[in-house]
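# Notes for the structure review
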Amino acid sequence: MASMLDAVDQRTKLVGENRLELLMFRLSGMQMFAINVFKVQEVVQLPKLNQMPHRHPSVAGVTHFRGRTIPVIDLSESIGMKPIDRTKPCNLIVTEYNNTIQGFMVGEVDRIINMNWNEILPPPEGAGRQHYLTAITRVSERIVEIIDVEKILAEISPYDGTISDDVIDKDLLSLAKGLEVLIVDDSSVALAQCRSTLDFLGITVHEAGNGKRGLEKLKQWADKGDHVPEKLLMMITDAEMPEMDGYRLTREVREDPRLKDLYIVLHTSLSGSFNKAMVQKVGCDDFLSKFQPDKLASLIQERIRSVVYRE
């Protein structure tokens, strides 16, 4: 237990400081790529792979890791590049997304760097691999491309956005119409999933592609005289985003007297155990793992009930 608490403490030191750690690596060529260290469990040399029948073309096989069988995805092939050359040294990055474990096959692993989110920028319009990038940054005068892993996983195993019938409180549907929610996320997959759930409930959706843009939108409403905590049923924000992460966004909101009472939900694919500690530190009202439409719908309905009964 002590080691878990130590790990939580080490990671939460970055929370609210708008900082992150990136694991940098190469795929088939010299271009450098990266993912957030928060999502990495371990990096090992590529083990022996077993083939799977009817596998997705980007899934190279499965392997046994720490007592479980996990899929291994060729990260290069999954973003439209040539497959990893397994005759050369390869590595396996084992990650956790949305409570699932998978491995990504890569070439050379470079290093871990600590950066500020304001150094992480959205990919430029027209970038060749923009479809699979959430952001870019520059390290030692070289461009590093940060991969949209959520999109890759969604293409390999599409998320089911259907809300179960028994989750919907039909008496609340009429109350939901006309309510407004702000979604802040840099992932097109996550935005679409949230939007689908909210559209079904009849809620008006506002979107922002990162924390900086989300904060600007909130302040613009406040500057116009809107009482934002009453205008919005809630803000649903991702954790990791270019320019300003969800933790810093939450802290900025709490420090603005016009916004401080806004109901904020952290909606992320990062590990739940760490995020619960982070939610408490920065002052979010709730936490929800991504791509769980039933839980998202339940959370929204519970929030509607609390607002209606309070009034």
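Cut-off values and rules
Residues numbered from 1 in each chain as written. Predicted model: local features only at pLDDT ≥ 70, side-chain atom pairs only at ≥ 80, totals over all residues. Heavy atoms only, no water. UniProt positions renumbered as here; feature names shortened; annotations may be inferred. Helix = DSSP H or I, 4+ residues; strand = E, 2+ residues; numbered from the N terminus. Contact = heavy atoms within 4.5 Å. Core = buried A, V, L, I, M, F, W, Y, C linked by side-chain atoms within 4.5 Å. Buried < 20%, exposed > 50% of the residue type's maximum accessible area, 1.4 Å probe, protein only. Salt bridge = Lys/Arg side-chain N within 4 Å of Asp/Glu carboxyl O. Pairing = 2+ DSSP bridges. Axes fitted to C-alpha atoms, helices over the stretch in contact; angles between N-to-C directions. Parallel < 35°, antiparallel > 145°, perpendicular 65-115°, else oblique. Left-handed = near helix turned anticlockwise from the far one by under 90°. Lys, Arg positive; Asp, Glu negative; His and termini not counted. Polar contact = N/O pair within 3.5 Å; in protein donor to acceptor, adjacent residues only side chain to side chain. Phe/Tyr/Trp six-rings, centres within 6.5 Å; stacked < 30°, edge-to-face > 60°. Lys NZ or Arg CZ within 6 Å of the ring centre and 35° of its normal. Right-handed = clockwise from strand over helix to strand, strands pointing away.

## Regarding the UniProt feature "modified residue: 4-aspartylphosphate" (unreviewed entry) in the protein chain
Taken from the UniProt record, the annotation "modified residue: 4-aspartylphosphate" (unreviewed entry) applies to Asp 238. With respect to the helices, strands and loops of the structure, Asp 238 is situated in the loop between strand E13 (232-237) and helix H8 (246-254). Every residue in contact with Asp 238, bar those within four places of it in the chain, is listed here: Val 184, Asp 185, Asp 186, Gly 246, Leu 266, His 267, Thr 268 and Lys 290.

## Quick look at the nonpolar core
Among the nonpolar cores identified, the biggest contains 33 residues, and Phe 25, Leu 27, Leu 75, Phe 104, Ile 147 and Ile 152 are the most heavily contacted of them. Put simply, the parts of the chain that give this core at least two residues each are strand E1 (19-26), strand E2 (32-36), strand E4 (59-65), strand E5 (68-74), strand E6 (91-97), strand E7 (100-106), strand E9 (133-139) and helix H3 (149-156).

## A closer look at the pattern of salt bridges
Per the counting criterion, the structure on display carries 19 salt bridges. Between Asp 110 and Arg 111 there is a salt bridge; the shortest N-O distance is 2.8 Å. For Arg 111, a relative accessible area of 38% translates into the label partly exposed. As a salt-bridge pair, Glu 302 and Arg 305 come within 3.2 Å of each other at their nearest N and O atoms. With Glu 302 and Arg 305 both in helix H10 (residues 293-310) and three residues apart, this pair spans about one turn of that helix. The exposure class of Glu 302 is partly exposed, given its relative accessible area of 46%. Sharing partners across several salt bridges, the network here consists of Glu 150, Asp 185, Asp 238 and Lys 290.

## Observations regarding the sheet that holds E7
Read from one edge of the open sheet, five strands run E3-E6-E7-E5-E4, paired in mixed fashion. Looking along the sheet, the strands with just one partner apiece sit at the ends: strand E3 (40-45) and E4. This sheet shows a mean twist of 30° between the axes of neighbouring strands, independent of strand direction. Bridge count for E4 against E5 is six bridges, and the pairing is antiparallel.

## Comments concerning the sheet that holds strand E8 (residues 109-116)
Reading across the sheet, the five strands line up as E8-E1-E2-E10-E9 and stay open at both edges, with mixed pairing between neighbours. Of all the strands in the sheet, the pair left with one neighbour each is E8 and E9. Direction aside, the axes of adjacent strands within the sheet are offset by 35° on average.

## As for the packing of helix H6 (residues 211-223) against H8
Relative orientation of the contacting elements H6 and H8 amounts to 20°, with a least axis distance of 9 Å. With respect to their mutual orientation, H6 and H8 come out roughly parallel. Considering the relative orientation of H6 and H8, their crossing is right-handed. Within the contact between the two elements, H6 uses Gly 211, Gly 214, Leu 215 and Leu 218 and H8 uses Leu 249, Glu 252 and Val 253.

## Examining the pairing of E5
Turn length for the E4-E5 hairpin, with the two strands adjacent in sequence and antiparallel, is two residues, and the turn residue Arg 66 shows positive phi of about 50°. Looking at chain direction, E5 and E7 are connected through three bridges and run parallel. What sits directly across from Asp 74, in E7, is Met 105.

## A few points about the environment of Leu 46
By the secondary structure assignment, Leu 46 is in the loop between E3 and E4. For Leu 46, the contacting residues outside a window of four places in its chain are Val 72, Arg 86, Cys 90, Asn 91, Leu 92 and Met 105.

## Things to note about the side chain of Asp 245
Among the structural elements, Asp 245 can be located in the loop between E13 and H8. Buried Asp 245, no salt bridge; nearest opposite-charge side chain is Arg 248, N-O distance 6.9 Å. Polar side-chain contacts of Asp 245 include one of 3.2 Å to the backbone nitrogen of Tyr 247. When neighbours within four sequence positions are excluded, Asp 245 is seen to be in contact with Asn 18, Arg 19, Trp 117, Ala 239 and Glu 240.

## Some remarks on the packing of aromatic side chains
In total, this model carries one aromatic pair according to the counting rule given. Judged by centre distance (6.5 Å) and plane angle (25°), the rings of Phe 25 and Phe 33 are stacked. You'll find Phe 25 and Phe 33 in the same group, each marked buried. The cationic tip of Lys 231 hangs over the ring face of Trp 221; the distance from NZ or CZ to the ring centre is 4.9 Å.

## So, the pairing of strand E11 (residues 180-184)
Burial analysis of E11 places five of its five residues in the buried class, the great majority of the element. By the alternation rule, side chains of E11 split into Glu 180, Leu 182 and Val 184 and Val 181 and Ile 183, which are all buried. Sheet analysis places E11 next to strand E12 (residues 204-208), joined by five bridges and oriented parallel. Opposite Leu 182, over in E12, you have His 206 as the bridge partner. The handedness of the E11 to E12 crossover, carried by helix H5 (residues 188-200), is right-handed. Where E11 lies against E13, five bridges are found, and the strand directions are parallel. When the bridges of E13 are listed, Glu 180 appears paired with Leu 232.

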